[in-house]
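Understanding the architecture of this molecule
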Amino acid sequence: MSTLLKRLEVKSEHPQEGKATAWINRDIIPLPPSRRTWGSWSFVGYWMLTGFNISGWTTASSLLGIGLNVWQALISVIIGNLIVACAVVGNGYVGAEWHVGFPVYNRFVWGVFGSFHPLLMRILLSIVWYGVQLVFGGKSVKVVIGAIWPSFYTLHNTLPESAGIELNDLIGTLIFAGISLPLLLVPPEFYRKPFLVGSIIITITTFSMFVWALAKEGGGGPLLSNPSELSGAEPLGSGAKLGWAMAYGISSTIGGISAGILNQSDYTRFASYPRAQILSQLVVVPVSSIIIALIGVVVTSCAAGFFPDDGLLWAPYDLLEAIQLHGGAGARAACFFAGCAFVLSQLGINVPGNAISGGIDMSGLLPKYLNIRRGAFVTAALGIAICPWKLLTGASVFLTVLSSFSVFLGPLTGVMVSDYLVVRRSKLRLSHLYMPNSGSIYYFNYGVNFRAVISWVCGVWPLMPGFINAVSPNPIGIAEGWSHVYSLSWPLGFVLSATVHVALSKVFPPVGLGEVDETDVFGTFTEGAGRQFSPEVNGSDVDTESMKGASVRELAV
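Here's what I pulled together on the structure shown here. What you are looking at is a predicted structure, and each value in this text was computed from that prediction instead of being measured.

1. Observations concerning the overall build of the protein chain
In terms of helices and strands, the protein chain carries 20 helices and two strands. Split into buried and exposed, the 557 residues of the protein chain put 57% on the buried side. In the protein chain, the share of contacts with a sequence separation of at least 24, taken over all contacts with a separation of at least 6, comes to 82%. Accessible surface for the protein chain amounts to roughly 21,500 Å². Of this, 66% is attributable to carbon and sulfur atoms.

2. Section: the nonpolar core
Residues Phe108, Ile261, Leu319, Leu320, Leu409 and Leu412 are the most contacted members of the largest nonpolar core, which totals 120 residues. Here this core takes 15 residues from helix 6 (residues 116–148), the largest share from any one element. Beyond its immediate sequence surroundings of up to four residues, Leu320 is in contact with Val143, Met209, Cys335, Ala338, Gly339 and Phe342. In this structure, Leu63, Leu64, Met246 and Ala304 belong to the second largest nonpolar core, which totals 17 residues.

3. What about the pattern of salt bridges?
Two side chains bearing opposite charge may form a pair once their charged atoms approach each other closely. Tallied over the entire structure, the rule returns eight salt bridges. With a shortest N-O distance of 3.5 Å, Asp27 and Arg35 are connected by a salt bridge. Relative accessible area serves as the criterion here: at 2%, Arg35 is assigned to the buried category. Across the pair Asp169 and Lys139 runs a salt bridge, and its minimum N-O distance is 3.5 Å. Here Lys139 lies in helix 6 and Asp169 lies in helix 7 (residues 167–183), a separation of 30 residues in the sequence. Via salt bridges that share partners, Arg26, Asp27, Arg35 and Glu189 belong to a single interconnected network.

4. Things to note about the side chain of Ser505
By the secondary structure assignment, Ser505 is in helix 20 (residues 489–507). Residue classification places Ser505 among the buried residues on the basis of a relative accessible area of 6%. A polar contact of 2.9 Å, which involves the side chain of Ser505, links it to the backbone oxygen of His501. In contact with Ser505, other than residues within four places in its own chain, are Val423, Arg451 and Pro510.

5. A look at the packing of aromatic side chains
Across all of its chains, the model carries 27 aromatic pairs by this definition. Ring geometry for Trp38 and Phe195: centres 5.2 Å apart, planes at 85°, overall edge-to-face. Taken together, the residues span a long stretch of sequence, with Trp38 in the loop between helix 1 (2–8) and helix 2 (40–51) and Phe195 in helix 8 (residues 192–217) at a distance of 157 residues. Ring plane angle 25° and centroid distance 5.8 Å describe the contact between Trp38 and Phe270, whose orientation is recorded as stacked. Note that Trp38 is positioned in the loop between helix 1 and helix 2 and Phe270 in the loop between helix 11 (265–268) and helix 12 (278–306), a separation of 232 residues in sequence.

6. Structural notes on the packing of helix 10 (residues 240–262) against helix 19 (residues 480–487)
Each pair of packed helices can be summarised by the angle the axes make with each other and by the distance between the axes. Closest axis-to-axis distance for the helix 10/helix 19 pair is 8 Å, and the angle between their directions is 40°. If you check the angle between helix 10 and helix 19, you find them oblique. Only His484, Tyr486 and Ser487 of helix 19 make contact with helix 10, whose side of the interface consists of Trp244, Ala247, Tyr248 and Ser251. Taken together, the residues that form the contact of helix 10 with helix 19 break down as four nonpolar, three polar and no charged.

7. Notes on helix 4 (residues 70–98)
Taking 1.5 Å per residue as the helical rise, helix 4 with its 29 residues ought to reach 42 Å, and the 42 Å between its terminal C-alpha atoms agrees with that figure. Of all the bends in helix 4, the largest measures some 40° and sits at Gly92. For helix 4, the capping residue at the N-terminal end is Asn69, with a side-chain oxygen 3.1 Å from the backbone nitrogen of Trp71. Following helix 4 by one or two positions, His99 has its phi on the positive side, about 60°.

8. Quick look at a nonpolar patch on the surface
A cluster of nonpolar residues, Leu279, Leu282, Val283 and Val287, forms a patch on the protein surface that exposes about 340 Å² of accessible area. With respect to the helices and strands, the residue Val283 is situated in helix 12.

9. Overview of the environment of Pro194
Secondary-structure assignment places Pro194 in helix 8. C-alpha separation for the pair Pro194 and Tyr46, spaced 148 residues apart in sequence, amounts to 9.0 Å.

10. Brief notes about helix 18 (residues 464–471)
Within helix 18, the full set of buried residues consists of Gly466, Phe467 and Asn469. Along the axis of helix 18, the buried positions cluster into a sector of 165°, meaning they face one direction only.

11. Digging into unusual backbone geometry
For Cys387, which is not glycine, the phi dihedral falls at a positive 55°. A residue is classified by how much of its surface remains accessible, and Cys387, at 30% relative accessible area, is partly exposed. In this model, Ser426 sits at a positive phi of 65°, which is unusual for a non-glycine residue. By the secondary structure assignment, Ser426 is in the loop between helix 16 (395–423) and helix 17 (450–460). Given the relative accessible area of 23%, Ser426 is considered partly exposed.

Cut-offs used in this document
Residues numbered from 1 in each chain as written. Predicted model: local features only at pLDDT ≥ 70, side-chain atom pairs only at ≥ 80, totals over all residues. Heavy atoms only, no water. Helix = DSSP H or I, 4+ residues; strand = E, 2+ residues; numbered from the N terminus. Buried < 20%, exposed > 50% of the residue type's maximum accessible area, 1.4 Å probe, protein only. Contact = heavy atoms within 4.5 Å. Areas by Shrake-Rupley, 256 points an atom, 1.4 Å probe, with all protein chains shown as cover. Core = buried A, V, L, I, M, F, W, Y, C linked by side-chain atoms within 4.5 Å. Salt bridge = Lys/Arg side-chain N within 4 Å of Asp/Glu carboxyl O. Polar contact = N/O pair within 3.5 Å; in protein donor to acceptor, adjacent residues only side chain to side chain. Phe/Tyr/Trp six-rings, centres within 6.5 Å; stacked < 30°, edge-to-face > 60°. Axes fitted to C-alpha atoms, helices over the stretch in contact; angles between N-to-C directions. Parallel < 35°, antiparallel > 145°, perpendicular 65-115°, else oblique. Nonpolar A, V, L, I, M, F, W, Y, C, P; charged D, E, K, R; others polar. Expected span 1.5 Å × (residues − 1). Bend = angle between axes of the 7 residues up to and from the residue. Patch = residues over 30% accessible without salt bridge, like charges linked within 9 Å, V, L, I, M, F, W, Y side chains within 5 Å. Arc of directions from axis to C-beta.

Written out as structure tokens, the structure reads:
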């Protein structure tokens, strides 16, 4: 067994790199300048791909299923994405300024051992979201294949109803999964140009569909004026009922990207300079998400006008299939290229946003045996093993899944942002983040920061009655107030946990606040500065064995 484990250890990519240990490897050290390649436009490209995709297209449309009209749904999306933009930038400061990712970020928030709690939660979400986006990608592949061989749409289904998916959809999903695998081999620092190219292609495609739909229908379509009649949802009218429904819509909008907000430092650590992530994300995050939501609603509405017998075509792949069935060879050709664009878009969101993100987090969980590449393949394998198509059986189910994530992630994000920006005032001692013993200022009490634990629980517990009632097959019968609290899940959880965490840190100040390393231990700010690492930093004796991994450093890539 020991021989097998030895062979499974992460090997050094360069002769001068240090040995990976249980706490550090090449992929979770603070990134040196040579690996920080993302400028402002890289973040623009990333978020254009993240925004202009199938899940972004269906977000506002799905809100119509709970009784909102088009404009109420869009207002919810706008407010939700403005909050997302602020949260993304706030939680991205650590990565942009200190160039560490989510696994290391939580070591100074939760403690070196307590950090495994948020890390395991984020890994689980990476697996779930990888699977969900895999299904969307598979449906786009189905459109591409159907444009070439229309009989693929009517392929005989040999799967049982309990499978939750038809054979042609399963084939498309497996093909998309196969296309994704080679991309997992590409290091994140090389995503800059693919982001820009992919964002241009999908932007042109979505706007082309928008203009075409408006021209074909001669207006915005019937859904804009009679949403309840077409969606089947009871109109909410005005007053408190409408207000709480919109609050739920805002929280659901945030919930759809809450996993990405949580580990934002996994991306911002690649920023070539700290400010690269600020203005670009503050602008492009809400703008891209709002535009694609508007396009999705209007195109769905137009399609209800010129394809009245096909029902509401919420998703672009359903619309493209309908266009092929009602059109000729020209329509098939157009759908082929549009389908290819959505396949590219799904690759752009799923590979870096879920597989690579999961790989980064797994490399923080088991750095001795997992690097980003290995972790990404594990995420991909588990993502399809969970049968993610069963999560997508209807709009209300999908919204419930999105909101349930907010219950746990809003408070978690609140603790993280408040700890770095308020409690520590953006000061970190990097070398102590890799010390799993009492010599580290981030060891707290037995490796766990009780302040973070209490703060997170205080943000989660008020949301639990509503959460349990929402996900339960049979309502458990709770007071209406608990349901309203649940409608505010992410924002409320964030504020509660952040407030409690700051208060506890004032009453019980953590040790080492304001401390930073006197030398550039890892070569984070000056390439190669950390090559001669000494286990004695800033005059404090630390355990040499625990710090052997700190000799890991970056050579020119």
